[in-house]
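A closer look at the structure
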Amino acid sequence: MIIERDLHGRVALVTGGARRLGRELVLALAAAGADVVIHYRFSGHEAVDLADRVRQQGREVWLASADLGSDSGVTELLRALHAGPGRLDILVNNVGNYPLGPLTDADAAQFRSLLETNLIAPDSLIRGSLSLFPERGGHVINLGYAGLESSRVQANAVHYQVTKTGLLLLTRAWAAELAHRGIRVNMISPGQLENSVDLPADPARAIPLGRPGRLGEVAEVLLFLLGEDSYLTGINIDVAGGWRV
Ligand SMILES: NC(=O)c1ccc[n+]([C@@H]2O[C@H](COP(=O)([O-])OP(=O)(O)OC[C@H]3O[C@@H](n4cnc5c(N)ncnc54)[C@H](OP(=O)(O)O)[C@@H]3O)[C@@H](O)[C@H]2O)c1
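Below, the structure is looked at part by part. As the structure is a computational prediction, the values presented were derived from the model and not from experiment.

Our focus in this paragraph is the overall build of the protein chain. A tally of regular secondary structure across the protein chain gives 7 helices and 7 strands. Element order for the protein chain, N to C, with α for helix and β for strand: β-α-β-α-β-α-β-α-β-α-β-α-α-β. In terms of overall dimensions, the protein chain is globule-like: its C-alpha atoms have a radius of gyration of 17 Å, near the 18 Å expected for 245 residues. Seen through its principal axes, the protein chain has C-alpha atoms that stretch 45 × 40 × 40 Å. Here the protein chain, with 245 residues, has 52% of them falling under the buried criterion. The long-range share in the protein chain, meaning contacts at least 24 apart out of those at least 6 apart in sequence, stands at 75%. For the protein chain, the accessible area works out to roughly 11600 Å², and carbon and sulfur atoms hold 52% of it.

Once that is clear, we can look at the pairing of strand S4 (residues 90-93). Side chains Ile90 and Val92 project from S4 onto one buried face, and the interleaved Leu91 and Asn93 project onto a second face that is buried too. As defined by bridge partners, strand S1 (residues 11-14) adjoins S4 across 3 bridges and the pair is classed as parallel. By the bridge assignment, leucine 13 is partnered in S4 with leucine 91. Inspection of the sheet shows S4 paired to strand S5 (residues 139-143) by 4 bridges, in the parallel sense. For asparagine 93, the partnering residue across the bridge sits in S5 and is asparagine 142.

Another aspect to go through is helix H4 (residues 108-129). The terminal C-alpha atoms of H4 lie 29 Å apart, and with 22 residues this matches the ideal 32 Å at 1.5 Å per residue to within 8%. The largest bend in H4 is about 40 degrees, located at isoleucine 120, with the proline proline 122 one to four residues further on. Buried residues of H4: Leu114, Thr117, Asn118, Leu119, Ala121, Pro122, Asp123, Ser124, Leu125, Ile126 and Ser129, and no others. Packed against the buried residues of H4 are helix H3 (71-83), S4, S5 and helix H5 (158-178).

Around the ligand, 27 residues are found, and the nearest of them are Arg20, Ser43, Leu68, Tyr160 and Ser196. A distance of 2.8 Å separates an oxygen atom of the ligand from a polar atom in the backbone of phenylalanine 42. In this structure, lysine 164 approaches the ligand through a side-chain N or O atom, which is 2.8 Å from an oxygen atom. Mapped onto the shell around the ligand, the elements with two or more residues apiece are helix H1 (20-31), strand S2 (35-40) and H5. Across the shell around the ligand, the residue classes tally to 10 nonpolar, 12 polar and 5 charged.

Before going further, it helps to examine the pattern of salt bridges. One pass over the full model with this rule turns up 9 salt bridges. The partner of arginine 172 in a salt bridge is glutamate 149, and the shortest N-O contact between them spans 2.8 Å. Here the residue arginine 172 occupies a position in helix H5, and glutamate 149 occupies one in the loop between S5 and H5, the gap between them amounting to 23 residues. Relative accessible area serves as the criterion here: at 36%, arginine 172 is assigned to the partly exposed category. The partner of aspartate 202 in a salt bridge is arginine 205, and the shortest N-O contact between them spans 4.0 Å. Residues joined by salt bridges that share partners form a network here, namely Arg211, Arg214 and Glu217.

Thresholds, definitions, all that
- Residues numbered from 1 in each chain as written.
- Predicted model: local features only at pLDDT ≥ 70, side-chain atom pairs only at ≥ 80, totals over all residues.
- Heavy atoms only, no water.
- Helix = DSSP H or I, 4+ residues; strand = E, 2+ residues; numbered from the N terminus.
- Rg over C-alpha atoms; globule rule 2.2 N^0.38 Å.
- Buried < 20%, exposed > 50% of the residue type's maximum accessible area, 1.4 Å probe, protein only.
- Contact = heavy atoms within 4.5 Å.
- Areas by Shrake-Rupley, 256 points an atom, 1.4 Å probe, with all protein chains shown as cover.
- Pairing = 2+ DSSP bridges.
- Expected span 1.5 Å × (residues − 1).
- Bend = angle between axes of the 7 residues up to and from the residue.
- Near = heavy atom within 4 Å.
- Polar contact = N/O pair within 3.5 Å; in protein donor to acceptor, adjacent residues only side chain to side chain.
- Nonpolar A, V, L, I, M, F, W, Y, C, P; charged D, E, K, R; others polar.
- Salt bridge = Lys/Arg side-chain N within 4 Å of Asp/Glu carboxyl O.

This is a description of form; function is not addressed.
Below, the structure written as structure tokens:
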């Protein structure tokens, strides 16, 4: 890690934290000293393995399983936060489903479910966890996608784009709303990562910097944003090697 951040004494929640990008973010937060709540839905084994690894780093860890596709799942996760650490300093809204297919193949139920996981759950988690944040300070990080601010239609992922565009607006709105409490609310928008499900056939040509992003490069930006007295709020950072500029 290039960024040195001391998060000892802080509690962080990463939604969808058991695998892939979420896992990397959990490991970076723990390495910086934070105690971590790993939220997962189906990846219980991966979550338990990751929790062991975090404990080996000397950090405290809590596991919380919930389906964020419904209000009751959000309530369940909030209950687990109260029963577990009883406080929260860093909320990372990482869950963000990315179903691919033309609009004609989707239906209202799928769209509604995507709105729930990608947009409504992050918003509800912010609102619902406010009482767990310290009187002053704290961070919320939402995940977007690169190029979000000048989106052109990606025909096979329009509903995803709609949810993340909404999340960008919510990021800014919550940033303004919570600034008086010193809670910073920002967004990180990855481009093509090494584990992307739809990597271009020739990343060296398609991505200006010539390669997909490493998961650790997203984690670096996360740590960068977590300054205690940071002047950054309501911003969105593409981590994308020039993808979609
Ligand atoms: N990877 C990329 O290249 C890329 C690029 C641009 C943006 N992003 C954004 O970065 C974030 C992470 O990406 P990713 O590819 O690592 O995500 P992912 O693998 O698609 O999903 C992360 C986790 O979300 C959880 N999840 C899905 N539906 C859920 C539900 N209904 N309730 C609770 N949890 C649920 C799953 O947990 P379980 O496994 O425990 O079920 C899954 O492991 C997303 O917001 C994505 O939009 C990623």
